[in-house]
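Now for the letters of each chain:
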Amino acid sequence: KAEIETSVQENSEQGQDTVKMVDRKPHNILLFGDSMILYMNKRLGEYCAQNGHSWHTVVWVSSTIKQWASCDTLNYFLRKYNPDYVLICLGSNEQFIKEPTSRQPHIKKILKDIGGRHCAWICPPGWKKDTGINELIKNDIGAKRFFDTRNFTIPRGKDNIHPTGASSAVWMDHIAAWLRDSTAT
């Protein structure tokens, strides 16, 4: 479990509260996933810079769990960055597949590749009810390491699917607070 403290600061530009995380130990963090994380990287970077962490974000637009598990891309970045924390955000491109259980071997392969590192799976923010992929992921990684965003109501971009930059920041704040308060890692 990360040793993290939090305080709420007034964000004068937007008039919104933001979570400022203070972590007592520097970490090397890898966030990887599909296009849902495009804007999340900025807030993760702010959090990491505040705390002396190094971070790396790998976005593979339109990627799937199956694609990540079926090639060497993940292993390449695990070797390159050697993270001690891995955050996964995949599944948005598999929200509506008819047989989500067909992805189970691929989920297990990704988790095997990550090995003994601390990791958590961030569920993509749902825009419609999925056909079971997120429950499958949750069961495979374990509820304590699954950040469930299925019921988040967040502003979305013009496509009505991807979070806006501002909503991605709020989403990342929730994830950071969850990591602080949970036994996710």
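What counts and what doesn't
Residues numbered from 1 in each chain as written. Predicted model: local features only at pLDDT ≥ 70, side-chain atom pairs only at ≥ 80, totals over all residues. Heavy atoms only, no water. Core = buried A, V, L, I, M, F, W, Y, C linked by side-chain atoms within 4.5 Å. Buried < 20%, exposed > 50% of the residue type's maximum accessible area, 1.4 Å probe, protein only. Helix = DSSP H or I, 4+ residues; strand = E, 2+ residues; numbered from the N terminus. Contact = heavy atoms within 4.5 Å. pLDDT = per-residue confidence, 0-100. Expected span 1.5 Å × (residues − 1). Pairing = 2+ DSSP bridges. Axes fitted to C-alpha atoms, helices over the stretch in contact; angles between N-to-C directions. Parallel < 35°, antiparallel > 145°, perpendicular 65-115°, else oblique. Left-handed = near helix turned anticlockwise from the far one by under 90°. Nonpolar A, V, L, I, M, F, W, Y, C, P; charged D, E, K, R; others polar.

Trainee: Outline the nonpolar core, listing residues and values.
Mentor: Residues Phe 32, Ile 88, Ile 110 and Trp 121 are the most contacted members of the largest nonpolar core, which totals 24 residues. Of all the secondary-structure elements, those providing two or more residues to this core are β3 (28-33), α2 (65-69), α3 (73-81), β5 (85-89), α4 (104-114), β6 (118-122) and α5 (133-141). Setting aside anything within four residues of it in sequence, one finds Ile 88 in contact with Phe 32, Ile 110, Leu 111, Ile 114, Ala 120, Trp 121 and Ile 122. If you look at the next biggest cluster of nonpolar residues, it comprises 19 residues, including Tyr 47, Ala 120, Phe 147 and Trp 171.

Trainee: Describe the confidence of the model for the protein, listing the residues and the values that go with them.
Mentor: In regions of low pLDDT, the predicted coordinates are not meant to be interpreted in detail. Confidence along the protein averages 87 in pLDDT terms, with 85% of residues attaining 70 or more. In this model residues 1-20 is a low-confidence stretch, pLDDT under 50, and it forms 46 contacts with partners more than four residues away in sequence or in other chains.

Trainee: Just give me the short version of helix α1 (residues 40-51), but keep the residues and values in it.
Mentor: With 12 residues, α1 extends 17 Å from end C-alpha to end C-alpha; this agrees with the ideal 16 Å at 1.5 Å per step. Within α1 the residues assigned to the buried category are Met 40, Arg 43, Leu 44, Gly 45, Tyr 47, Cys 48 and Asn 51. Looking one or two residues beyond α1, the residue adopting positive phi is Gly 52, at roughly 75 degrees.

Trainee: Just give me the short version of the sheet that holds β6, but keep the residues and values in it.
Mentor: Strand order in the open sheet formed by 5 strands is β4-β3-β5-β6-β7, with parallel pairing between adjacent strands. Of all the strands in the sheet, just β4 (54-59) and β7 (146-147) have a single pairing partner and so form its edges. When β3 meets β5, the two strands line up parallel, connected through 5 bridges. Paired with Leu 31 across the two strands is Leu 87, which belongs to β5.

Trainee: Please set out unusual backbone geometry residue by residue, giving values where relevant.
Mentor: Residues other than glycine predominantly adopt negative phi, and peptide bonds predominantly adopt the trans conformation. One non-glycine residue, Ser 62, lies in positive phi territory at about 65 degrees. Tracing the backbone through its elements, the reader meets Ser 62 in the loop between β4 and α2. At Asn 82, a residue that is not glycine, the phi angle is positive and equals roughly 45 degrees. Tracing the backbone shows Asn 82 in the loop between α3 and β5.

Trainee: Describe the packing of α3 against α4, listing the residues and the values that go with them.
Mentor: Relative to each other, α3 and α4 sit at 15 degrees, their axes nearing to 10 Å. With respect to α4, the element α3 is oriented roughly parallel. Where α3 crosses over α4, the handedness of that crossing is right-handed. On the side of α3, the interface is formed by Leu 74, Asn 75 and Leu 78, while α4 contributes Lys 109, Ile 110, Asp 113 and Ile 114. Broken down by class, the residue content of the contact of α3 with α4 amounts to 4 nonpolar, 1 polar and 2 charged.

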